[in-house]
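# Fold and geometry: a report
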Amino acid sequence: LLVDLLDLNTTSEIFKQHKLSQNDQLVGVQDVISCLTTIYSGLEEKYKDLVNVPLCVDMCLNWLLNVYDSGRTGKIRVQSLKIGLMSLSKGLLEEKYRYLFKEVAGPTEMCDQRQLGLLLHDAIQIPRQLGEVAAFGGSNIEPSVRSCFQQNHNKPEITVKQFIDWMRLEPQSMVWLPVLHRVAAAETAKHQAKCNICKECPIVGFRYRSLKHFNYDVCQSCFFSGRTAKGHKLHYPMVEYCIPTTSGEDVRDFTKVLKNKFRSKKYFAKHPRLGYLPVQTVLEGDNLETSLQIEYEQLKEQHLRRGISPLASPPDSVVSPQHASEDAELIAEAKLLRQHKGRLEARMQILEDHNKQLESQLHRLRQLLEQ
Ligand SMILES: [Zn+2]
């Protein structure tokens, strides 16, 4: 799409130039084309070999209509056009949040629940068009809006700073945006480190560093395939790097490794790492998985204990009626436990599928970037 060549300021200027100031208004295809033509003509001056104006305008228009006008009414909202183009433009992540906020905020530069809701709604249409909306908490933006305002003591309006602070927590519905940025930054990053598993050196792309072992670095392909070495467990904390580390970060990680050396396995079980701020949703990734595993282990233990105890008691030659009823109870209980186990296993399966989905999502985001 090449919108990633576009910087935020230019985009915002072009919107003004085309008098796209009424966010609630609808614009027709002709106006969208004229706006896109200005955008791509500007880009053509800078990147002569890359940009073919009519082709780009056509592709971008198609994308916008797919995302924001799936019913093909031939019109999209001004705000949707802005949010869509800005979300994919070039620029620092926080600067992008600032621009997005400014677009929806009123003249007082404050944003109420409705305005934030509209912003999130327009933004979430982007992963939705890729069929990935479920993983970001579904298309219902209510819980996200609530989460943001709760963070700010339920005041009627929030400032741009409060919005950015909330976005920094990477709320589930918007986490795709920072992920997209990191994928873009990592694409070409080279790290002066060797992968402990496949021995790739330097590591290209994402680099994962252990916070439990010294000098344990993993490349992205080994990380995503879940390979380990040196007795490193998958639940140990890792940091993700998309750009080469600075010496400050090296020192910081070193102290974290030291701290983690003294932490027990229980600590890691109690502090599951969620990379994003979850908003109320059906699937809760890591959290649910650990609690399920614990539950499963407990059930197995109970099951074993019950299975063994009748054998441990001295064998009676005559089975008393009391014993018989106890046995029947045990059998019924065992049956229940087995059913429960079956359900847990089914849920585990769902979680595994969910994991796979996330991986394919990353893959798709990457493809989108390459377009
Ligand atoms: Zn590797």
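Computed from a prediction, not measured in an experiment: that's the story for all the values here. (Residues numbered from 1 in each chain as written. Predicted model: local features only at pLDDT ≥ 70, side-chain atom pairs only at ≥ 80, totals over all residues. Heavy atoms only, no water.)

## Here we look at the pairing of strand 7 (residues 207-210)
- Burial of the side chains of strand 7 extends over both faces: Arg207 and Arg209 are buried on one face and Tyr208 and Ser210 on the other.
- Relative to strand 8 (residues 217-219), strand 7 runs antiparallel, the two sharing three bridges. Bridge pairing links Arg207 to Cys219 in strand 8.
- Counting the residues in the hairpin turn of strand 7 and strand 8 gives six residues, including Asn215, whose phi is positive at 55°.
- Sheet analysis places strand 7 next to strand 9 (residues 238-241), joined by four bridges and oriented antiparallel. Residue pairing for strand 9: Arg209 is matched across the bridge by Val239. (Buried < 20%, exposed > 50% of the residue type's maximum accessible area, 1.4 Å probe, protein only. Helix = DSSP H or I, 4+ residues; strand = E, 2+ residues; numbered from the N terminus. Pairing = 2+ DSSP bridges.)

## What to know about helix 4 (residues 78-88)
- Summarising burial for helix 4: 11 of the 11 residues are buried, a large majority.
- Where helix 4 is concerned, the buried positions are Val78, Gln79, Ser80, Leu81, Lys82, Ile83, Gly84, Leu85, Met86, Ser87 and Leu88.

## A word on the nonpolar core
- If you look at the biggest cluster of nonpolar residues, it comprises 62 residues, and the most contacted ones within it are Leu36, Tyr40, Leu64, Leu116 and Phe163.
- The dominant element in this core, judged by the number of residues it contributes, is helix 3 (residues 53-68), at 10 residues.
- Mapped onto the domain boundaries, this core takes at least three residues apiece from domain 1 (1-90) and domain 2 (92-186).
- Grouped together as the second largest cluster of nonpolar side chains are 15 residues, Ile197, Ile203, Phe206 and Val218 included. (Core = buried A, V, L, I, M, F, W, Y, C linked by side-chain atoms within 4.5 Å. Domains from an automatic or database assignment.)

## Observations regarding the pattern of salt bridges
- In total, this model carries 12 salt bridges according to the counting rule given.
- Residues Lys82 and Glu103 are paired through a salt bridge, measuring 3.0 Å at the closest nitrogen-oxygen approach. Pair noted here: Lys82 is in helix 4 and Glu103 is in helix 5 (residues 93-104), with a separation of 21 residues, a long-range link. For the pair formed by Lys82 and Glu103, the shared burial category is buried.
- Residue Glu170 is joined to Arg182 by a salt bridge in which the shortest nitrogen-to-oxygen separation is 3.1 Å. Of this pair, Glu170 sits in the loop between helix 8 (160-168) and helix 9 (176-186) while Arg182 is found in helix 9, placing the two residues 12 residues apart along the sequence.
- Exposure remark for Glu170: the relative accessible area of 13% places this residue in the buried category.
- For Arg182, a relative accessible area of 25% translates into the label partly exposed. (Salt bridge = Lys/Arg side-chain N within 4 Å of Asp/Glu carboxyl O.)

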